[in-house]
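Listed below, chain by chain, are the residues.
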Amino acid sequence: GVTLNFILNYILIKKYGAIGASISTVISELLIVFMYSWYVKREINMKEMIKTGYTYLYAGIIMFIMCKLTQILVYSNVFENVIIPLSSIFEMNINNLKSIISIVMQIFVGVVIYVGILIFIKDEYIFLAINKLKNKFFKSKNIEKENQDS
């Protein structure tokens, strides 16, 4: 994977710049996925894995659409009344500020949409992650409380 990525980067970056680097990375990662899939096909039911993967693919597509709509909304004139005063407060170019706001909002929307979809479909892994975070958060709170009580 690394060797292929290096070779493709050498070829594609000269011609396409950052997009060439992105293309080479995607191709290299796909090669790695196919190699790992080939090696573990006896241990993992690939049909079940692919069937399960569609759920995440659909969630990702919905997340992408919502993030794109968020970007369109930020770059429309809807937020002009907020962005123009902020640009003078932070002494920033309006387009740079729109970019920052767009990225922050897309990250927030993306996380909320993706996690929300996984919770809605009752994905077991999201509940494992949530429980792990709860345990870690409440465990640290309990330790702080015990230290304060001592």
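Attention here is on the structure that accompanies the text. Note that the structure is a prediction, hence the values are computed from the model and not measured.

## Focus on the overall build of the protein
Each helix and strand counted, the protein has six helices and zero strands in total. Written out in order from the N terminus, the α and β elements of the protein read α-α-α-α-α-α. With the principal axes as the frame, the protein shows a C-alpha extent of 60 × 60 × 35 Å. Classification of the 150 residues of the protein by burial places 16% in the buried group. For the protein, long-range pairs separated by at least 24 residues make up 49% of all intrachain contacts whose partners lie at least 6 apart in sequence. For the protein, the accessible area works out to roughly 12,100 Å², and carbon and sulfur atoms hold 69% of it. Across the protein, the 15 positively charged side chains and the 10 negatively charged ones have centroids separated by 9 Å.

## A look at the environment of valine 2
Its place among the elements puts valine 2 in helix H1 (residues 2–16). Its relative accessible area of 70% is what places valine 2 among the exposed residues. Once the C-alpha coordinates of valine 2 and isoleucine 32 are considered, the two residues, 30 residues apart in sequence, prove to be 9.3 Å apart.

## Topic: helix H2 (residues 18–40)
Taking 1.5 Å per residue as the helical rise, H2 with its 23 residues ought to reach 33 Å, and the 33 Å between its terminal C-alpha atoms agrees with that figure. Residues of H2 that are buried: Gly20, Ser24, Ser28 and Ser37.

## Considering a nonpolar patch on the surface
Taken together, the side chains of Ile50, Tyr54, Leu57, Tyr58, Ile61, Ile62, Phe64, Ile65, Met66, Leu69 and Ile72 present a nonpolar region at the surface, about 1,100 Å² in accessible area. Among the structural elements, leucine 69 can be located in helix H3 (residues 46–75). Given a relative accessible area of 48%, leucine 69 falls into the partly exposed group.

## A closer look at unusual backbone geometry
Even without a glycine there, the phi angle at lysine 122 is positive, about 60°. Position of lysine 122 among the secondary structure elements: in the loop between helix H5 (94–120) and helix H6 (124–149). Assessed through its relative accessible area of 64%, lysine 122 is described here as exposed.

## A closer look at the packing of aromatic side chains
Counting across every chain of the model gives one aromatic pair. Relative to tyrosine 58, the ring of tyrosine 54 has its centre 6.1 Å away and its plane inclined at 20°; by these criteria the two rings are stacked. Separated by four residues within a single helix, tyrosine 54 and tyrosine 58 lie in helix H3, roughly one turn from each other. Given a relative accessible area of 43%, tyrosine 54 falls into the partly exposed group.

## A short note on the side chain of serine 102
Assignment of secondary structure puts serine 102 in helix H5. Serine 102 sits in the buried class, given a relative accessible area of 2%. Of note is the side chain of serine 102, whose polar atom sits 2.7 Å from the side chain of glutamine 106. For serine 102, the residues in contact, after removing those within four places along its chain, are Gln71, Val74 and Tyr75.

Conventions and cut-offs
- Residues numbered from 1 in each chain as written.
- Predicted model: local features only at pLDDT ≥ 70, side-chain atom pairs only at ≥ 80, totals over all residues.
- Heavy atoms only, no water.
- Helix = DSSP H or I, 4+ residues; strand = E, 2+ residues; numbered from the N terminus.
- Buried < 20%, exposed > 50% of the residue type's maximum accessible area, 1.4 Å probe, protein only.
- Contact = heavy atoms within 4.5 Å.
- Areas by Shrake-Rupley, 256 points an atom, 1.4 Å probe, with all protein chains shown as cover.
- Lys, Arg positive; Asp, Glu negative; His and termini not counted.
- Charge placed at Lys NZ, Arg CZ, Asp CG, Glu CD.
- Expected span 1.5 Å × (residues − 1).
- Patch = residues over 30% accessible without salt bridge, like charges linked within 9 Å, V, L, I, M, F, W, Y side chains within 5 Å.
- Salt bridge = Lys/Arg side-chain N within 4 Å of Asp/Glu carboxyl O.
- Phe/Tyr/Trp six-rings, centres within 6.5 Å; stacked < 30°, edge-to-face > 60°.
- Polar contact = N/O pair within 3.5 Å; in protein donor to acceptor, adjacent residues only side chain to side chain.

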